[in-house]
Amino acid sequence: MEKNSEIYPFLEKGEFPDIDSTKLKIELTKNPKKKPEPDAMKFGINFTDHMLEVDWIKDQGFSAPRILPYHNFQMDPATMVLHYSVEGFEGMKAYKDKNKNVRLFRPEQNMKRFLNTAKRLALPDFNPDELLKCLEKLVLIDADWIPEKEDFSLYIRPTIIGTTPALGLRTPTSMKIYVILSPVGPYFSAFKPLKLWAEDEYCRAWVGGTGNAKLGGNYGPTLLPGMKALEKGCEQILWLYGPEKKITEVGAMNLFGFWKNKDGEDELITASLDDGLILPGITRDSILTLARGWGEFKVSEKDWNIEELMEAVKENRMYEMFGAGTAAIVSPINVINFHGQEYKIPLDPDDPNSGAGKITKRIKKEIIGIQYGEIEHPWSVILKDK
Ligand SMILES: *Cc1c(COP(=O)(O)O)cnc(C)c1O
């Protein structure tokens, strides 16, 4: 992979130590927490006993990584992350299969994206493979926290923050990478189709901006438009972009449509990554790869817009739509509200009570099968204690 310092020589970090998993120090908790009941596992409110931390200081390089009891941070009120949002994150999951193996799903892809996010924040390179080794050790240490229940998993949140305690807006001279873990139940228990508010006043991302990086700064500002959508009776926002009202993403998920296009071909369509508006989702990539593998219909990454979508709905050419991301895998969509007009998106006409379209259900089944090891696939990695 290209190094940050190769693109931006001013980030040259010299011969200082990189993250080194062989130096990992482990301090186990003396006060294990009580684990929550599966029913109480709302998304991201319970955390496990341990966390991973590694610090970087300019002209010193990376500290030895540490697995420590879960704890609060103390920081100077001037710390950079608190003022200028020098923060990026990842979202991934660990699963327990029926043989009690702990599995990750394409974790090297998350590490690669995490490094790209760090680059966008002008933070130094690190070795993503070494970080992954430390993260895997953390997951194994807290493996008892992974609920052994279908659709349950351990959400993993790697985070990177600029820690320089100074108000001057300069590239950070110190940072921290840390990883916390949270046991989670299914994001939406059964399929619950979403109503979307097609938003053309606010936008989530723009050409030349940071939509393609998982920066904390991208998400806080979506809360106000999110409230507007709720007020209109919709659960999520369909983010439109530009005068042509391009279809980009839904909430914090990638968006797919399955339709008969104008040329009369069945096509699975999602926005292309080319103009940097779209977060390159690993679920998105997995869906594209699986659907191309089926070879049953056209699979496209290209621009499409709200006009084309409305036209397809009116002409009964839209078969189904869904959002895609790690938290819910796929979320069916059944209504799009644009300027107060509701457009109904079909679910499965042969099984309306299932709450999702045929392709949506098939994708979910296949990805869950891989994640929980029911389907053998190189994307699913079994963690082993060395
Ligand atoms: C994280 C995220 C996604 C989904 O990415 P996955 O890797 O599939 O979890 C999509 N869109 C946005 C805006 C995101 O933040």
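Note that the coordinates shown come from a computational prediction; the quantities given were computed from them, not determined experimentally. (Residues numbered from 1 in each chain as written. Predicted model: local features only at pLDDT ≥ 70, side-chain atom pairs only at ≥ 80, totals over all residues. Heavy atoms only, no water.)

> Is there a simple way to explain the site of the ligand in this structure?
The full set close to the ligand counts 14 residues, and K214, Y219, E249, T283 and T326 are the nearest of them. At a separation of 2.6 Å, an oxygen atom of the ligand approaches a polar side-chain atom of T283. T326 places a side-chain nitrogen or oxygen 2.5 Å from an oxygen atom of the ligand. With the chains in place, 96% of the 380 Å² that the ligand exposes on its own is no longer accessible. Where the shell around the ligand is concerned, the elements lending two or more residues are β13 (253–260) and α6 (282–294). (Near = heavy atom within 4 Å. Polar contact = N/O pair within 3.5 Å; in protein donor to acceptor, adjacent residues only side chain to side chain. Areas by Shrake-Rupley, 256 points an atom, 1.4 Å probe, with all protein chains shown as cover. Helix = DSSP H or I, 4+ residues; strand = E, 2+ residues; numbered from the N terminus.)

> I keep staring at the pairing of strand β14 (residues 266–270) and nothing clicks. Help me out?
A regular strand places its side chains so that they alternate between the two faces of the sheet. Across the five residues that make up β14, a large majority, four, are buried. Pairing between β13 and β14: five bridges, direction antiparallel. In the sheet register, F256 faces β14, and the bridge partner there is T270. Taking the residues between adjacent antiparallel strands as the criterion, β13 and β14 are bridged by five residues, where G264 takes a positive phi near 80°. The pairing of β14 with strand β15 (residues 298–301) spans four bridges and is classified as parallel. (Buried < 20%, exposed > 50% of the residue type's maximum accessible area, 1.4 Å probe, protein only. Pairing = 2+ DSSP bridges.)

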